[in-house]
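So the chains spell out like this:
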Amino acid sequence: MSKNEISSVFSRFLRFWRSVHKVSQEELAYRLDSSPRHISRLENGSSRPSEAMVTEIGEALSLGSRDRNHLLLAAGFAPANEGRDFNSPELKWLRKAMIMNLRALDPYPTSVVDGAANLLMVNRGWVSFYSHVVEDEELNNVSNLYDFIFDRQGAGNIISDWEDTLSAILMSIQQTALFTNDETTKATLERLQQYPSVPEDWQQRAARTEPMASFKVQIPIDGTLKRFFSVGTMAGALGPNAFASEPRLSIFTLYPEDDSFDFDALLDESKTHPLLFY
C-alpha cells in the first residue's frame, strides 16, 4: 500500500469518527493542541500522521481498544494491544463460549491457545488422543502448544514434515516480531530456536514454504499408521476482528485424513487434564 493510499484510508477513518462523535476539526485540533489546518491536511490526505498523533487522536475521540487499533492500522501502524487475562472475571462469557465450542467438537481433538500459544483449554478428544502419544503425567504438564510441538519427546514425535513445520511456525513468529517489535514475541522466538529440533536453515526453509494455518500428524493406531491434519481458526473477544483484540485466541482441531476413521473409538471418558473444564 502506497503512502497516498494509507493517507486515504486514515482520512476516511478520521472523518468517520469525527462525525460519530460530532467533533469539528477546530474542536479536535484544540483537544490535540494542534491546528485546524493540520487536521484538515490529515483528512484530505496531504499529510500523514505519526504513530503518536494517531494514539492521541484515539484518546481525544474516546475510542475503545478495537477502534483505536483500527485507526492505527489505517495509518499503517501495528495495533497496540493491551494484554487481557483470559481468566479474568469480565471474560467469563468468553470462557463459557469456548467450553461449549470444545464440547461440540468432541471427539475431534481440540485446544484453545492464546497469542503466545499458551494452552488455555482442551477438550476430551484432545486428552484422549494425545494420551496415546505421551504419558498422562507429562500430558498434564503441557502448557504451551509450540513447546509441545517443538519437543521431540512431545507432539513433535508425530509431526509430519517436522522440520518444515517448525520452520513455518518460526517464520510466523518472526514476522510478528518484526511487525510489532513486541518483547514477548521476540522472547518466544528466541526460546523456540534453542530446541535441537530446529534446522539451521529454518529461515530459508520457511521462505520456500507457503504460510499455513495447519500441520499434519501421524500416529500408529491398532498397528496401522493413521494421519491427521490440524486446522487453526481464530476467535476474538471484540468481534470478528481478531487481529485487533485481546486475548488473541486460536482454536486448533485435528481431523482425520481418512473419512472413515472413527474418533469416538479413541474417546476415553476417564481421562482428566488440568485444562479440561467439563
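Let me begin by describing the structure that accompanies this report.

Scoring rules and cut-offs
- Residues numbered from 1 in each chain as written.
- Predicted model: local features only at pLDDT ≥ 70, side-chain atom pairs only at ≥ 80, totals over all residues.
- Heavy atoms only, no water.
- Helix = DSSP H or I, 4+ residues; strand = E, 2+ residues; numbered from the N terminus.
- Contact = heavy atoms within 4.5 Å.
- Areas by Shrake-Rupley, 256 points an atom, 1.4 Å probe, with all protein chains shown as cover.
- Axes fitted to C-alpha atoms, helices over the stretch in contact; angles between N-to-C directions.
- Parallel < 35°, antiparallel > 145°, perpendicular 65-115°, else oblique.
- Left-handed = near helix turned anticlockwise from the far one by under 90°.
- Nonpolar A, V, L, I, M, F, W, Y, C, P; charged D, E, K, R; others polar.
- Polar contact = N/O pair within 3.5 Å; in protein donor to acceptor, adjacent residues only side chain to side chain.
- Core = buried A, V, L, I, M, F, W, Y, C linked by side-chain atoms within 4.5 Å.
- Buried < 20%, exposed > 50% of the residue type's maximum accessible area, 1.4 Å probe, protein only.
- Arc of directions from axis to C-beta.
- Salt bridge = Lys/Arg side-chain N within 4 Å of Asp/Glu carboxyl O.
- Phe/Tyr/Trp six-rings, centres within 6.5 Å; stacked < 30°, edge-to-face > 60°.

1. Comments concerning the overall build of the protein chain
And step 1. Looking only at helices and strands, the protein chain features 12 helices and five strands.
And step 2. Considering only residue pairs separated by 6 or more positions, the protein chain has 58% of its internal contacts joining residues 24 or more positions apart.
And step 3. Looking at the protein chain as shown, the accessible area adds up to about 14,900 Å², and 48% of this sits on carbon and sulfur atoms.

2. Observations regarding the packing of helix α2 (residues 25–32) against helix α4 (residues 51–60)
And step 1. At a minimum axis separation of 10 Å, α2 and α4 run at an interaxial angle of 110°. Taken together, the axes of α2 and α4 lie roughly perpendicular to each other. Taken as a pair, α2 and α4 cross one another with a handedness that is right-handed. Where α2 approaches α4, its residues Leu28, Arg31 and Leu32 are matched on the opposing element by Met53, Glu56, Ile57 and Ala60.
And step 2. Its residues assigned to classes, the contact of α2 with α4 shows five nonpolar, no polar and two charged.

3. Describing the side chain of Asp106
And step 1. For Asp106, the location among the structural elements is in the loop between α6 (92–105) and β1 (110–113).
And step 2. Among the polar contacts made by the side chain of Asp106, one reaches the main-chain amide nitrogen of Arg124 at a distance of 3.5 Å.
And step 3. Engagement of the side chain of Asp106 in a polar contact is seen with the backbone nitrogen of Gly125, the distance being 2.7 Å.
And step 4. Excluding residues within four positions of it along the chain, Asp106 makes contact with Asn123, Arg124, Gly125, Leu267 and Tyr278.

4. Considerations on the nonpolar core
Note on soluble globular proteins: their nonpolar side chains tend to be buried together.
And step 1. Counting residues in each nonpolar core, the largest one holds 41 residues, and the members touching the most others are Phe129, Tyr130 and Phe228.
And step 2. Within the residue set of this core, elements represented by two or more residues are β2 (119–122), α7 (124–130), α9 (145–150), α10 (162–180), α11 (183–193), α12 (202–208), β3 (214–221) and β5 (248–256).
And step 3. Among the elements that take part in this core, α10 stands out by supplying six residues, more than any other.
And step 4. Residues in contact with Tyr130, not counting those within four places in the same chain, are Leu139, Phe148, Ala155, Ile158 and Leu254.
And step 5. Counting 19 residues, the second largest nonpolar core, distinct from the first, contains Leu14, Met53, Leu61 and Leu72.

5. Quick word on helix α3 (residues 36–44)
And step 1. Listing the buried residues of α3 in full gives Ile39, Leu42 and Glu43. An end-on view of α3 places all buried positions within 95° of arc, on one side of the element. When the buried face of α3 is taken as reference, the exposed residues oriented beyond 90 degrees from it are Arg37 and Asn44.
And step 2. Looking one or two residues beyond α3, the residue adopting positive phi is Gly45, at roughly 85°.

6. Description of the pattern of salt bridges
And step 1. Inspection of every chain in the model, using the stated rule, returns 10 salt bridges.
And step 2. Residues Arg31 and Glu27 are paired through a salt bridge, measuring 2.9 Å at the closest nitrogen-oxygen approach. One end of the pair, Arg31, and the other, Glu27, are both in helix α2, four residues apart, so they sit about a helical turn from each other.
And step 3. When its relative accessible area of 42% is taken as the criterion, Arg31 is described as partly exposed.
And step 4. By relative accessible area, which is 32% here, Glu27 ends up partly exposed.
And step 5. A salt bridge links Asp164 to Arg205, with the nearest nitrogen and oxygen atoms 2.8 Å apart.

7. Looking at the packing of aromatic side chains
And step 1. Tallied over the full model, the rule gives 14 aromatic pairs.
And step 2. Measuring from ring centre to ring centre gives 6.1 Å for Trp126 and Phe148, while their planes differ by 45°; the resulting arrangement is tilted. Taken as a pair, Trp126 in helix α7 and Phe148 in helix α9 lie far apart in primary sequence, 22 residues in all.
And step 3. The class of Phe148 is buried, set by a relative accessible area of 4%.
And step 4. Note on Tyr130 and Phe148: the rings are 5.3 Å apart at their centroids and 70° apart in plane angle, and the pair reads as edge-to-face. Separated by 18 residues along the polypeptide, Tyr130 in helix α7 and Phe148 in helix α9 bring together distant segments of the chain.

8. With respect to the packing of α10 against α11
And step 1. Two numbers describe how α10 lies on α11: the axes approach to 9 Å, and their chain directions differ by 150°. Considered as vectors, α10 and α11 are oriented roughly antiparallel to each other. Here α10 and α11 pass one another in a crossing that is left-handed. Together, Leu170, Ile173, Gln174, Thr176 and Ala177 of α10 and Thr185, Lys186, Thr188, Leu189, Leu192 and Gln193 of α11 make up the contact between the two elements.
And step 2. Broken down by class, the residue content of the contact of α10 with α11 amounts to five nonpolar, five polar and one charged.

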